[in-house]
Amino acid sequence: MNPIEMIGAIVMILVSALIVVIVMFQDPKSDGLSALGGGNSFLSTNNDRSMNATLNRVTKVLVIIFFAVTFIVYASAKFMA
């Protein structure tokens, strides 16, 4: 395992954990299980749209970073071995 693979693995673990946390904070698009708890959001109604837009943007960026790091680690393992 070369250093690029080790660093890439650590970055992928951190980014995937961030993705999970950020997705958990997003407002669900449908009622689903949130209807069981009354369906109230902990975010204020005025800040709700901008917060969800920011969380969506951050999620997209983190997913792109995750795939880029995965590709770099795969390429380094494939071509530097």
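Read on for an overview of the structure. (Residues numbered from 1 in each chain as written. Predicted model: local features only at pLDDT ≥ 70, side-chain atom pairs only at ≥ 80, totals over all residues. Heavy atoms only, no water.)

### Some details on the side chain of threonine 59
Alright, step 1. Relative to the assigned elements, threonine 59 resides in helix H2 (residues 45-79).
Alright, step 2. Relative accessible area serves as the criterion here: at 13%, threonine 59 is assigned to the buried category.
Alright, step 3. A polar side-chain atom of threonine 59 sits 2.7 Å from the main-chain carbonyl oxygen of leucine 55.
Alright, step 4. Apart from the residues within four sequence positions on either side, threonine 59 is in contact with Ile22, Val23 and Gln26. (Helix = DSSP H or I, 4+ residues; strand = E, 2+ residues; numbered from the N terminus. Buried < 20%, exposed > 50% of the residue type's maximum accessible area, 1.4 Å probe, protein only. Polar contact = N/O pair within 3.5 Å; in protein donor to acceptor, adjacent residues only side chain to side chain. Contact = heavy atoms within 4.5 Å.)

### Concerning the environment of threonine 54
Alright, step 1. Counting through the fold element by element, threonine 54 comes out in helix H2.
Alright, step 2. Look at threonine 54 and you get partly exposed, because its relative accessible area is 37%.
Alright, step 3. Between the alpha carbons of threonine 54 and glutamine 26 there is a distance of 9.6 Å; along the sequence they are 28 residues apart.

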